[in-house]
Structures are given as structure tokens and as C-alpha cells.
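Chains, contacts and geometry: an overview
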Amino acid sequence: MRLRNVPKAREVMVTNEYVFTEPNNMCNTWFEVFGNHNPIHIEIGMGKGKFISTLAHTNPNINYVGIEKYSSVLLRAVEKQNELQLPNLRFIRMDAENICEVFGKYEVNRIYLNFSDPWPKDRHAKRRLTSKQYFDRYNKILKPDGKVEFKTDNISLFDFSIEQVKEAGWRLEAQTRDLHNNAVLLEGNVMTEYEERFSLQGNPICKLIAVR
């Protein structure tokens, strides 16, 4: 996917109260950021933010942090948050490989990965958000009873992810290769922009939930 350059998107990120752009220099704890000790759920690679904004709106007693690498993509979510002003939603513009620098040990209750970049070349496998390398990172920040939820329409990536869950020493709590025809896993499902698009194209949506 070729990213569209949005003029002044980076400047908006730097000045917006809901966005952290230099996570290495964060001096506040998440307790101080949100002003409470509510559970923290994060979405890595949140795109335009429909998924996480919907969750934040419907679950006011959970704090949500969306992580996105590109300012031009994150801008849409920031503009929407400027309208909604949800007190339990914040964003970080950063590369996901640095998540252990902004979340402490066992600080996160749930991690969402939605339609992540498949990085199709084998030499880039470790960059996939469901690689063993990333599960090792999740192991550090996720509470012992925490969960990783992953959705994709890419069958090859889904197969890879199932293997990596086991390779990382985690286990599959649930999995399906046709989410929208699985009554149990579909309950409470919030669709992303990509999920809506791919579903309309007739692509089955895969989902797994990984736990330790």
C-alpha cells in the first residue's frame, strides 16, 4: 500500500494533546495520563482508528492506546478524537518494535492486531506483528491473564501466526478461518475499515486469540 502524504500531518501530531510522538521521552505513567487505574487495551497498527475509537466509546471503564507508525494514517483518528474527546483514548506515533519502552511489565490487559502488514518476503518475517519476536515483546508487557487478538484476511499470514504462537510458547484459546460465520467469536465483534472492505469482497476473515 502506498501511503498518501498529508501536508502538516506530522506537525498536527506534535501539538495534539491526545498524541505522544516521542515515546522515549514520556515522563508520565499511564495512570497519570488517564487519571485512573482502569485496564489498558492497546491496538498496534491502528490505521485510521475506527476500531479503537468504537471500543473506547462503548467501554468507558477501559483505557485504550492506539499505536501507529505513520502520521498521515494516524491523522484521521486524531481528527475524529478531536471531535469525540474521549477521555479514555490516546495515541502513540511510533514503530511497534519499541512498545516495551512505553509500557511496563504486565501493564497491558489486551493487545489487538487487526489486518497487520503481512511482510510477505521470508527475510522480513520477524517484522510481522505475530512473529515470535513480537510475542516475546508482548510477553513482557501483557498481564499473565492477558490476551492477544488477531484478525486478518491473509490466509498465509494466519497460518504463519498459528505456528508462531506455538513457537513462542503461547497457546491458542480460540481460532477461526471464517469469523463472520462463527457465532461465538463474532459476538461483540467490531469491524475495522479493512474488515468491512474485505468482507464486501467476499473474503473470509480469520481470527485467533492467543494466551499464555
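Residues numbered from 1 in each chain as written. Predicted model: local features only at pLDDT ≥ 70, side-chain atom pairs only at ≥ 80, totals over all residues. Heavy atoms only, no water.

What about the confidence of the model for the chain?
Averaged over every residue, the pLDDT of the chain is 92; residues scoring 70 or more account for 93%. Below pLDDT 50 for its whole length, residues 1–6 participates in seven contacts with residues either more than four positions away or in separate chains. (pLDDT = per-residue confidence, 0-100. Contact = heavy atoms within 4.5 Å.)

Regarding the pattern of salt bridges
Counted under the stated rule, the structure contains nine salt bridges. Between Lys132 and Asp136 there is a salt bridge, with its nearest N and O atoms 3.2 Å apart. One end of the pair, Lys132, and the other, Asp136, are both in helix α5 (residues 132–141), four residues apart, so they sit about a helical turn from each other. When its relative accessible area of 34% is taken as the criterion, Asp136 is described as partly exposed. A salt bridge links Glu173 to Lys147, with the shortest nitrogen-to-oxygen separation between them at 3.1 Å. Taken as a pair, Glu173 in strand β7 (residues 171–176) and Lys147 in strand β6 (residues 142–152) lie far apart in primary sequence, 26 residues in all. (Salt bridge = Lys/Arg side-chain N within 4 Å of Asp/Glu carboxyl O. Helix = DSSP H or I, 4+ residues; strand = E, 2+ residues; numbered from the N terminus. Buried < 20%, exposed > 50% of the residue type's maximum accessible area, 1.4 Å probe, protein only.)

Topic: the sheet that holds strand β2 (residues 40–44)
Strand order in the open sheet formed by eight strands is β1-β4-β3-β2-β5-β6-β8-β7, and the pairing between neighbours is mixed. Of all the strands in the sheet, just β1 (19–20) and β7 have a single pairing partner and so form its edges. Two strands pair when backbone bridges link them, and β6 and strand β8 (residues 206–211) are joined in this way by five bridges, in the antiparallel orientation. Counterpart to Lys151 in the pairing with β8 is Lys207. Sheet contacts for helix α3 (residues 50–58): β2, β3 (63–68), β4 (89–93), β5 (108–114) and β6; angle to β3, the most-contacted strand, approximately 170°. Helix-sheet contacts for helix α4 (residues 71–84) involve β1, β3 and β4, and the interaxial angle to β4 is about 165°. (Pairing = 2+ DSSP bridges. Axes fitted to C-alpha atoms, helices over the stretch in contact; angles between N-to-C directions.)

With respect to the nonpolar core
Of all hydrophobic cores here, the largest spans 37 residues; its most connected members are Ile42, Ile44, Phe103, Ile111 and Tyr138. Every element with two or more residues in this core is listed here: α2 (30–34), β2, β3, β5, α5, β6, α6 (155–167) and β8. Per-element accounting of this core gives the leading share, five residues, to α6. Those residues within four positions of Tyr138 in sequence are excluded, and the remaining contacts are Ile44, Ile99, Ile111, Leu113, Leu129, Val148 and Trp170. Counting 20 residues, the second largest nonpolar core, distinct from the first, contains Ala9, Leu55, Leu74 and Phe91. (Core = buried A, V, L, I, M, F, W, Y, C linked by side-chain atoms within 4.5 Å.)

Description of the pairing of β6
Pairing between β5 and β6: six bridges, direction parallel. By the bridge assignment, Tyr112 is partnered in β6 with Glu149. Taken together, β5, α5 and β6 form a β-α-β motif whose crossover is right-handed. (Right-handed = clockwise from strand over helix to strand, strands pointing away.)

A word on unusual backbone geometry
Here Phe115, not a glycine, exhibits a phi torsion of approximately 50°, which is positive. Tracing the backbone through its elements, the reader meets Phe115 in the loop between β5 and α5. Judged by relative accessible area, Phe115 falls into the buried class, the value being 11%. Positive phi values are uncommon outside glycine, yet Trp119 reaches one of about 40°. You can see Trp119 is positioned in the loop between β5 and α5.

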